[in-house]
Amino acid sequence: MPPTPTISYQDLIFRLKRFWAENGCIIQEPYDLEVGAGTMCPETFLRVLGPQPYNVAYVQPSRRPADGRYGDNPNRLYKHMQFQVILKPTPANIIELYLQSLEAIGIDLSKHDIKFEEDNWESPTLGAWGIGWQVMLDGLEITQFTYFQQCGGFDLDLIPAELTYGLERLTAFLQGVESVYDIEWTPGFSYHTVRHADELQSSVFNFEMADIDSLWKLFEIHEGEAQRLIDAYPGYAEKGRFPVLPAYEQVLKCSNLFNLLDARGAISVTERVGVIGRVRKIAVGVAKLWMHQQHGVGELAVAEVVA
Amino acid sequence: MLPFLLEIGTEEIPDWMIPGALEHLESRFRELLEKNRLAHEPLQLDATPRRLVLRCPGIQPAQESAEALVTGPPVTAAYKNGEPTPAAHAFAKKMGTDLASLRREQTPKGEYLAYLQRTEGRATGEILAEALPELVLGTYFPKAMMWAGKGTSRFIRPIRWLVALLGDAVVPFAIEGVASGNTTEGHRRLGKPGLVVTHASYEQTLRDNGVLLSAAERRARITEGAAALAAAHGLSVATDERLLETLVYITECPTPILGAFAEEYLTLPEEVLVTVMRYHQKYFALHRADGSLAPNFIAVMNTSADPDGLVRSGNERVLRARFNDARFFWDVDQKRTLADRVDSLAAVTFQAKLGNYLEKAQRVAKRAKFIAQPLGLDPGLIERAALLSKCDLTTELVKEFTELQGVVGGLYAEYQGESIEVSQAIYYQYRPVSMEDEIPPTLLGQVISLADRSDTLAKCFEIGLIPKGSSDPFALRRSAQGVVKILAEGDAALGGIRLGDMCFGWGSPLFDFFRERIRHYLREHRVFAYDEVSAVLNQAGNAELVNIQELIQRLSALQDVRKSDDFEPIAASFKRIKNILRQAEFAGGVVSEPLLVEEAERALYGAFTKVRADVHLQRAAGDYSGALEAIASLRPAVDGFFDQVLVNASDEQVRRNRLSLLHELMTELSAIADFSEIVTK
């Protein structure tokens, strides 16, 4: 028996969007590049930098090649959907707001148990870390709650709260189903119908068929592009029109390629730290450009012109 | 006296940091009162995840006023021709008074201007208002955060409200825009915000709003509630202090509920089921009357009731998914046996500079076979256990439940038909994890664990990863402590293993490191006196050092013989002998009987020759008490020697002969324990 009146997957998303829109958030659409988490989208990674307030919420399909299970595992997915909320600065009643958002999707908190368990977050690749909790609903982790402290190697001017809801888990919980594939996306269509082929085929590609040499080549191409742009910025006259965001997209490409190579077993343990360092270098490099371009922060040495 | 209440209202604080924070807050508040000369009654500290609370039933309302005589310039400099000089005016100004209020004081150096300065005692409320922001923010947490922006205050989690009452008055202060007041907040769902409190109503108001302030009360509510639920089903709750402590500090209103899972999951190993319940879900496991694991659990909610059973069914569903995961991993893992996984260890890093786990396992195998040579274990079994010991690192189950490494390997080995010796050696290889933990129960297991740990130690020392101060990233101290514990408490045959050749002989930093760990173990865990431990350890060579069980026998014997009347004097004499030999820079020689001219030295030589023979026999038979008693019995002869014989005889031959006698006595009889190390009264 479902614990609460059934809510469809898409209806849950509508209600979260509506709730956060009513609480002052821009509702963005998913970023149109592959990312491992909603945190990596420019809407989070770059917008949390600097002194301007920013409130935004969006669904973000998040790809983790190594988590793929050929569509066989009821709880693990290559690509799962996150609902990401950034509130910058954090309002004092943030936790109360968050709890109201749960009520908004039909969870009667007087009949459930909510706990906040310590869970800090750190991303060496992004030069970022934060402090927070995993939120447990009747023993199920439904949300990551993080107070960002540092991003791209910068101490943050305003401390944002990042809420990341795991949409599949939350819906499975509300619908009382044991497998994500049994989730009702909308009446008549299941999560299986919509996504199973994607999970199966992506697992086959990621684990069996992705060409390692090509992935490495692509990694190097995108890394090169990112670095070329980072190096070009100091000497570029009209800073305001410099393509910092496109440079960041090159970083995202690298990050995803790294994950693919990792899932493919192509990165030896000794190489791993080195490759993470390469991604970090360009991620932090772009964050510096953004801080300089948008917020006038930091000095950038003009790269020596090499003939 | 005025009652005081401070409540720091926050977002949820990590449970494990709370007791330490309270202790720190208490000691700093006490210091604050003492520094300000404020008498007070005992402090009481309480906490839930959302509040740190400090109360005191009575603090002195204000400081006592104090008077102090301040001396100024000499009168001769303060007045010229009866007129005050600028120096006199300056002093009066500095004291904030006029010339008429100054007095003259006669001192040994002459007459001086002086002023009786009176410091009015400040009101306690004023002192606290000034000091509380720093007191609150100075509370130590292992990891703190900012919430109000760059460069603002740091605390463990955002501070959302502050209650500070001294008597009926609010002690006014503010932290990052949050002003102190007299309103608190109840439980997030069971209570209300904005609750006005007084000293008398505080705890009851919280209780009425779903918050049990006392940790002891929450603890009792959990243990009693859990025991009652279990008893109603004929079950008992597995004791788990650590989990209980976590639950006490992760809840404001703890309420246990009983859940169930399908019997079919009981086919999974109990270790896996319990790990999922305890560590991953924070549930208590339950046992049936016959001791077997029951298909039930107790979860502790942070709310008062589960009216529709939704919390129970939710938790059951989560547990089911976890168990399904575990079963899925178990099944997937069986597709490749441990033996098939040995080569895959090449892809698992042991340490960046020390290579991978395949190399590690091969070294452990080689090392284990070498050190175990005298033990008569089957080298084939040693090799098998060592090579398979790390293979579970490549399994899905260990990737998911890292705390089960070793245990999973052991379970898989047994399931895959490895011998019981091999399975057990793998299962227990990481024991002991602490000094309170048990050591591996079988000799093979002990050998594998010793080989693994000594390899890690030797290799880390080789690349300079040597623990310094509090920095010990590879937990080498714990690792070495485990070696010592196994040697001391394991199979008696371990005394003969060749660990010394491989480890202690290896180089001096590791040798010293081990010696220190042994000393630590004998002192802290076997509670032998410092000087006794030194007396025995100083005499133990590399090979003997491994035989900790024998060292302990020597120490027990030393402890016994120390009670005899002869012991202290003979120990003092050994110290004297050591000094004489050192001053003479004497390296040893052969005693010539004809050159023993005095009666007393002949007597000593005779007694020594007899005792030496006895001691050799007793030592060989392991009778350390007998041997040490025999040595102590030399006391009259030694005393007689020092009373009647002058070592520094004018005849050089006689002098050297006497030194030879003392040297031989010293070296021959110090093999069990170096008596000169004993601290005598």
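The rules behind the values
Residues numbered from 1 in each chain as written. Chains lettered and ligands numbered in written order. Predicted model: local features only at pLDDT ≥ 70, side-chain atom pairs only at ≥ 80, totals over all residues. Helix = DSSP H or I, 4+ residues; strand = E, 2+ residues; numbered from the N terminus. Rg over C-alpha atoms; globule rule 2.2 N^0.38 Å. Buried ≥ 20, exposed ≤ 12 C-beta atoms within 10 Å, placed from the backbone. Contact = placed C-beta atoms within 7 Å. Domains from an automatic or database assignment. Nonpolar A, V, L, I, M, F, W, Y, C, P; charged D, E, K, R; others polar. Pairing = 2+ DSSP bridges. Axes fitted to C-alpha atoms, helices over the stretch in contact; angles between N-to-C directions. Parallel < 35°, antiparallel > 145°, perpendicular 65-115°, else oblique. Left-handed = near helix turned anticlockwise from the far one by under 90°. pLDDT = per-residue confidence, 0-100. Expected span 1.5 Å × (residues − 1). Arc of directions from axis to C-beta. Core = buried A, V, L, I, M, F, W, Y, C linked by C-beta atoms within 7 Å.

**Quick look at the overall build of chain B**
Thinking step 1. Helix and strand counts for chain B stand at 27 helices and 22 strands.
Thinking step 2. For 681 residues, the compact-globule estimate of 2.2 N^0.38 gives 26 Å, and chain B exceeds it by more than 25% at 36 Å.
Thinking step 3. Reported as C-alpha extents along the three principal axes, the dimensions of chain B are approximately 100 × 100 × 50 Å.
Thinking step 4. Counting only residues that meet the buried cut, chain B has 39% of its 681 residues in that class.
Thinking step 5. Restricting the contact set of chain B to residue pairs at least 6 apart, pairs at least 24 apart contribute 67%.

**Focus: the overall build of chain A**
Thinking step 1. Broken down by element type, chain A carries eight helices and 11 strands.
Thinking step 2. Here chain A has a C-alpha radius of gyration of 20 Å; the compact-globule value for 307 residues is 19 Å, and the two agree.
Thinking step 3. For chain A, the C-alpha atoms occupy an extent of roughly 70 × 50 × 30 Å along the three principal directions.
Thinking step 4. A buried classification covers 44% of the 307 residues belonging to chain A.
Thinking step 5. Restricting the contact set of chain A to residue pairs at least 6 apart, pairs at least 24 apart contribute 69%.

**Here's the deal with the domain arrangement of chain A**
All names here are of chain A.
Thinking step 1. As far as domains go, chain A holds domain 1 (9-205) and domain 2 (211-295).
Thinking step 2. Its C-alpha centre places domain 1 at a distance of 25 Å from the equivalent point of domain 2.
Thinking step 3. At the interface, 22 residues of domain 1 touch 20 residues of domain 2.
Thinking step 4. Of the residues in the side of domain 1 that touches domain 2, the class split is 13 nonpolar, six polar and three charged.

**Brief notes about the pairing of strand β3 (residues 51-59) of chain B**
All names here are of chain B.
Thinking step 1. When you tally the buried positions in β3, you get seven out of nine residues, the bulk of the element.
Thinking step 2. Judged from the seven bridges that link them, strand β1 (residues 2-10) and β3 form a sheet pairing that is antiparallel. If you follow Glu 7 over to β3, its bridge partner there is Val 53.
Thinking step 3. By the bridge criterion, five bridges tie strand β2 (residues 44-48) to β3 in an arrangement that is antiparallel. Note that in β3 the partner of Gln 44 across the bridge is Arg 55.

**Observations concerning the environment of B:Tyr412**
Residue and element names in this part refer to chain B.
Thinking step 1. In this structure, Tyr 412 sits in helix α14 (residues 407-415).
Thinking step 2. Look at Tyr 412 and you get buried, because 26 C-beta atoms sit within 10 Å.
Thinking step 3. Remark: the alpha-carbon pair of Tyr 412 and Gln 549, spanning 137 residues in sequence, is separated by 34 Å.
Thinking step 4. With near-sequence residues (within four places) excluded, Tyr 412 lies in contact with Asp 333, Leu 338 and Asp 392.

**Looking at the packing of helix α6 (residues 212-232) of chain A against helix α7 (residues 244-263) of chain A**
All names here are of chain A.
Thinking step 1. Look at α6 against α7: their axes get within 8 Å of each other, and the N-to-C directions meet at 155°. The angle between α6 and α7 falls in the class roughly antiparallel. Here α6 runs over α7; the crossing is left-handed. Contacts between α6 and α7 involve Ile 212, Leu 215, Trp 216, Leu 218, Phe 219, His 222, Glu 223, Glu 225, Ala 226, Leu 229 and Ile 230 from the first element and Ala 247, Gln 250, Val 251, Lys 253, Cys 254, Leu 257, Phe 258, Leu 260 and Leu 261 from the second.
Thinking step 2. Taken together, the residues that form the contact of α6 with α7 break down as 15 nonpolar, two polar and three charged.

**Side note on the confidence of the model for chain B**
Thinking step 1. Here chain B shows a mean pLDDT of 91. Residues at 70 or above account for 98%.
Thinking step 2. We note a pTM of 0.81 for the whole complex and an ipTM of 0.92 for its interfaces.

**Quick look at the packing of helix α1 (residues 9-22) of chain A against helix α4 (residues 167-175) of chain A**
Residues and elements named next belong to chain A.
Thinking step 1. Interhelical geometry of α1 versus α4 gives an angle of 115° and a closest axis separation of 10 Å. Judged by the angle between their axes, α1 and α4 are roughly perpendicular. By crossing handedness, the relation of α1 to α4 is classed as right-handed. Every residue of α4 that contacts α1 at Tyr 9, Leu 12 and Ile 13 is listed here: Leu 167, Leu 170, Thr 171 and Leu 174.
Thinking step 2. Considering only residue class, the contact of α1 with α4 consists of six nonpolar, one polar and no charged.

**Regarding the domain arrangement of chain B**
Thinking step 1. Parsing chain B into structural domains produces domain 1 (2-62 + 123-208), domain 2 (66-119), domain 3 (215-333), domain 4 (339-555) and domain 5 (564-677).
Thinking step 2. Inter-centroid distance (C-alpha atoms) of domain 2 of chain B to domain 3 of chain B is 78 Å.

**Comments concerning the sheet that holds strand β19 (residues 284-287) of chain B**
Backbone hydrogen bonds hold the strands of a sheet together, and the pairing may be parallel or antiparallel.
Residues and elements named next belong to chain B.
Thinking step 1. As summarised here, the arrangement of the four strands in space is β17-β19-β20-β18, forming an open sheet in which the pairing is antiparallel. Of all the strands in the sheet, just β17 (236-237) and β18 (255-260) have a single pairing partner and so form its edges.
Thinking step 2. With six bridges connecting them, β18 and strand β20 (residues 293-301) associate as antiparallel partners. Of the residues in β20, the one forming a bridge with Leu 258 is Ile 298.
Thinking step 3. The strands touched by helix α6 (residues 215-232) are β17, β18, β19 and β20; relative to β18, the strand with the most contacts, the crossing angle is about 30°.

**Comments concerning helix α23 (residues 567-583) of chain B**
Residue and element names in this part refer to chain B.
Thinking step 1. In this model α23 runs 24 Å from its N-terminal to its C-terminal C-alpha over 17 residues, within 8% of the 24 Å that 1.5 Å per residue would give.
Thinking step 2. Burial in α23 covers these residues: Phe 567, Ile 570, Ala 571, Ser 573, Phe 574 and Ile 577. The buried side chains of α23 occupy one side of the element, clustering within an arc of 160° when seen end-on. Exposed side chains of α23 directed beyond 90 degrees from the buried face belong to Asn 579, Arg 582 and Gln 583.
Thinking step 3. Contacts made by the buried residues of α23 are with α22 (548-561), α25 (624-632), α26 (635-644) and α27 (652-669).
Thinking step 4. At the exit of α23 stands Glu 585, carrying a positive phi of roughly 45°.

**Brief notes about unusual backbone geometry**
Residues apart from glycine generally show negative phi values, whereas peptide bonds are mostly found in trans.
Thinking step 1. The residue after A:Lys88, namely A:Pro89, is reached through a cis peptide bond having omega 0°.
Thinking step 2. That bond from B:Arg431 to B:Pro432 is cis: its omega, -5°, falls within 30 degrees of zero.
Thinking step 3. Inspection of the secondary structure assignment puts B:Pro432 in the loop between α15 (420-427) and α16 (443-462).
Thinking step 4. In the Ramachandran plot, B:Asn81 falls in the positive-phi region, its phi being about 55° despite a non-glycine side chain.
Thinking step 5. Looking at where B:Asn81 falls in the secondary structure, it is placed in the loop between β5 (79-80) and β6 (83-84).
Thinking step 6. Within the chain, B:Glu585 stands out as a residue other than glycine whose phi angle is a positive 45°.

**Let's talk about the interface of chain B and chain A**
Thinking step 1. Each partner contributes residues to the interface: chain B has 33 residues there, and chain A has 35 residues.
Thinking step 2. Of all elements in the fold, only β9 (145-146), β20 and α9 (310-333) of chain B reach the threshold of two or more residues within the side of chain B that touches chain A.
Thinking step 3. Tallying contributions element by element places α9(B) first for the side of chain B that touches chain A, with 10 residues.
Thinking step 4. In the side of chain B that touches chain A, the residues fall into 15 nonpolar, nine polar and nine charged.

**Notes on the environment of B:Phe675**
Residue and element names in this part refer to chain B.
Thinking step 1. With respect to the element layout, Phe 675 can be found in the segment after α27.
Thinking step 2. C-alpha separation for the pair Phe 675 and Ser 573, spaced 102 residues apart in sequence, amounts to 8.9 Å.
Thinking step 3. When near neighbours in sequence (up to four residues on either side) are disregarded, Phe 675 contacts Ala 535, Ile 570, Ala 571, Phe 574 and Ser 670.

**Some thoughts on the sheet that holds strand β8 (residues 110-119) of chain B**
Residues and elements named next belong to chain B.
Thinking step 1. An order of β4-β8-β7 is seen for the three strands of this open sheet, with the pairing classed as antiparallel. On the outer flanks of this sheet lie β4 (66-74) and β7 (103-107), each paired with one strand and no other. The average undirected angle you get between the axes of adjacent strands in this sheet is 45°.
Thinking step 2. Note that β4 and β8 share seven bridges and pair antiparallel.

**Regarding the nonpolar core**
Thinking step 1. Ranked by size, the top nonpolar core spans 249 residues in total, and within it A:Cys151, A:Val286, B:Ala368 and B:Ile631 carry the most contacts.
Thinking step 2. With 11 residues, the single largest contributor to this core is α7(A).
Thinking step 3. Apart from the residues within four sequence positions on either side, A:Val286 is in contact with A:Ala226, A:Ile230, A:Val244, A:Ala247, A:Tyr248 and A:Val251.
Thinking step 4. The next biggest cluster of nonpolar side chains, apart from the first, holds eight residues, and it includes B:Phe91, B:Leu102, B:Ala114 and B:Tyr115.

**Examining the environment of B:Pro254**
All names here are of chain B.
Thinking step 1. Turning to its location among the elements, Pro 254 is positioned in the loop between α7 (241-248) and β18.
Thinking step 2. Note on Pro 254: 25 C-beta atoms within 10 Å, which makes it buried.
Thinking step 3. C-alpha separation for the pair Pro 254 and Leu 387, spaced 133 residues apart in sequence, amounts to 47 Å.
Thinking step 4. Contact partners of Pro 254, with chain neighbours within four places excluded, come to Arg 218, Arg 221, Ile 222, Leu 247, Val 300 and Asn 302.

**Observations concerning the pairing of β19(B)**
Residue and element names in this part refer to chain B.
Thinking step 1. Where β17 and β19 come together, two bridges link them in antiparallel fashion. For Val 237, the partnering residue across the bridge sits in β19 and is Leu 286.
Thinking step 2. Of the pairings in the sheet, the one linking β19 to β20 comprises three bridges and is antiparallel in character. Bridged to Ala 285 within β20 is Phe 297.
Thinking step 3. Taking the residues that link successive antiparallel strands as the turn, the β19-β20 hairpin has five residues, and the phi of Gly 291 there is positive, at about 90°.

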